[in-house]
Amino acid sequence: METTDPKHLYDTQQAQMNILAFWFLIGAEVVVFGCLFGIYLAVKSFTGDGPGPEELFKLNEIMVSTVILLSSSFTCALAIYFLNLTKKAWTLLFFLITIVLGLGFIGLEIREFTLYVGEGASISTSAFLGAFYMLLGTHGVHVLFGVTWIALLLVQLWLRGINQETAPKLFIASLYWHFIDVVWVMIFTVVYLIGKV
Amino acid sequence: MNKQKKEIRKLSLSFIFMILLTAVAFILVLYHLISPPYLIILLIFFALIQIFIQLDRFMDIREKEGTYRFTSLIGGSFVALLAIILLILL
């Protein structure tokens, strides 16, 4: 992709190696989530005495979560756009919006899980629910980690400004954030939408 | 300046397109507009388009050493797919 940026921000050998190494980590993360999806698909029909996907999921609320997470991915991309232009204030602003949206997503997920447990659908109710909470929980923890990571990097950005040290770190955190969104697109499709078909 | 505007437009259009795909998928499922087997294929197709947009537009996968990035991602996806197939067949 051609960007408008001064690319020198990522030109150091260290930055290039770090970005590459992070892509290897993403490759490994694909395996982790792939296995969790595999388990979910394998035990999806084992609902025991508990509810199945059709009765349990409330698509309207999940749609809100999805729009929130997609928007956070967009604001994160905008933050990187301003980072590349070395505009500190705008970078901070858009990363802050990303964090707020991320927290909103986590809040909605906690609310969703609390509702389900209230309806008697807990992690030990059935194999389906066990796999569901494992998959969604792992993703949720990733979102929480992403929010914390970006928040810490923003403190560094605030103190040290945009330079060859801080910019690659934020770029890598943005890759992580987009990856989380990619996983959510799969969860939304495979778990929620196809669960309702 | 023109180049910057173009970049912003590109990011915004990608975002709007992803929201649209999500909305269409949501409506198709909500109102059962298509019969199940075709609907599932269509939903997965929509998801794959969205993933492609994320990788291409937001994650710059085609940059300099893109080959390594693709290798890493395709390697991971291959192992993941094997795991999914094996787990379902078990």
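In what follows, the structure referred to is the one given above.
Per chain, residue numbering runs from 1 following the sequence as it is written. Going through the entries in the order they are written, you letter the chains from A and number the ligands from 1. Only residues with pLDDT of at least 70 are given local features in this predicted model, and only at 80 or more are side-chain atom pairs given and counted; all residues enter the totals for whole chains, interfaces and linings. For the side-chain quantities, the full set of heavy atoms in the structure was used; hydrogens and water were omitted.

*Asks:* Help me out: how do you make sense of a nonpolar patch on the surface in this one?
*Replies:* All names here are of chain B. Without a salt bridge and with relative accessible area above 30%, a residue can belong to a patch; like charges are then joined within 9 Å and nonpolar side chains (Val, Leu, Ile, Met, Phe, Trp, Tyr) within 5 Å. What sets the accessible areas is the Shrake-Rupley method with a 1.4 Å probe; for residues, cover comes only from the shown protein chains. Counted as salt bridges are all cases of a side-chain nitrogen of Lys or Arg within 4 Å of a carboxyl oxygen of Asp or Glu. A grouping of Ile27, Leu30, Tyr31, Leu33, Ile34 and Tyr38 is seen on the molecular surface, where their side chains present a nonpolar patch of about 620 Å² in accessible area. Here a strand is any run of E in DSSP of at least two residues, a helix any run of H or I of at least four, and the numbering for each starts at the N terminus. Relative to the elements of secondary structure, Tyr38 occurs in helix H2 (residues 36-58). Accessible area is worked out with a 1.4 Å probe on protein chains only. A residue is then buried under 20% of its type maximum, exposed over 50%, and partly exposed in between. Taking relative accessible area as the criterion, Tyr38 reaches 58% and is therefore assigned exposed.

*Asks:* Just to check I follow, could you spell out the packing of helix H3 (residues 59-84) of chain A against H2 of chain B for this structure?
*Replies:* Angle between the axes and distance between the axes are the two parameters that describe a pair of packed helices. Geometry is summarised by axes, namely lines fitted to C-alpha atoms with helices restricted to the contacting stretch, and by angles between N-to-C directions that run from 0 to 180 degrees. Between H3 of chain A and H2 of chain B, the shortest axis-to-axis distance is 11 Å and the interhelical angle comes to 15 degrees. By the angle between their axes, H3 of chain A is roughly parallel relative to H2 of chain B. Here H3 of chain A and H2 of chain B pass one another in a crossing that is left-handed. In contact with Leu70, Ser73, Phe74 and Ala77 of chain A of H3 of chain A, H2 of chain B contributes Gln50, Gln54 and Phe58 of chain B. When residues are grouped by polarity, Ala, Val, Leu, Ile, Met, Phe, Trp, Tyr, Cys and Pro land in nonpolar, Asp, Glu, Lys and Arg in charged, and all others, Gly among them, in polar. In terms of residue class, the contact of H3 of chain A with H2 of chain B is built from four nonpolar, three polar and no charged. Orientation labels follow simple angle bins: below 35 degrees gives roughly parallel, above 145 gives roughly antiparallel, 65 to 115 gives roughly perpendicular, and whatever is left gives oblique. The handedness criterion is simple: a crossing whose near helix is rotated anticlockwise from the far helix by less than a right angle is left-handed, and one whose near helix is rotated clockwise is right-handed. Working rule for contacts: check all heavy atoms of both residues, and any pair within 4.5 Å makes them a contact.

*Asks:* Is there a simple way to explain the interface of chain B and chain A in this structure?
*Replies:* Reports often express the size of an interface as the amount of accessible area lost when the parts come together. Taken residue by residue, the interface counts 48 residues in chain B and 49 residues in chain A. A quick way to say it: buried area is the sum, across both parts, of accessible area lost when two parts are put together, with a 1.4 Å probe. Carbon and sulfur atoms make up 77% of the area that chain B and chain A hide from each other, which totals about 4400 Å². The tally of links from chain B across to chain A stands at zero salt bridges. Identification of polar contacts relies on pairs of N or O atoms within 3.5 Å, with a donor-acceptor requirement for protein atoms, meaning one able to donate a hydrogen and the other able to accept it, and with residues adjacent in sequence counted only if both atoms are side-chain atoms. Between the two partners, chain B and chain A, sit five residue pairs in polar contact (both at pLDDT 80 or more). Breaking the side of chain B that touches chain A down by element, the ones donating at least two residues are helix H1 (2-30), H2 and helix H3 (66-89) of chain B. If you tally residues by element for the side of chain B that touches chain A, the top one is H1 of chain B, at 16 residues. In the side of chain B that touches chain A, the residues fall into 29 nonpolar, nine polar and ten charged.

*Asks:* Looking at this structure, how should I read the pattern of salt bridges?
*Replies:* When the charged atoms of two side chains with opposite charge come close together, those side chains can pair. Residues and elements named next belong to chain A. Taken as a whole, this structure holds five salt bridges over all chains when the rule is applied. For Glu61, the salt bridge is made with Arg111, and the minimal N-O distance between the two is 3.6 Å. In this pair, Glu61 sits in helix H3 while Arg111 sits in helix H4 (residues 88-118), placing the two residues 50 residues apart along the sequence. Among the residues examined, Glu61 registers a relative accessible area of 31% and is labelled partly exposed. The class for Arg111 is partly exposed, based on a relative accessible area of 44%. Within the structure, one salt-bridge network assembled from shared partners comprises Arg160, Glu165 and Lys169.

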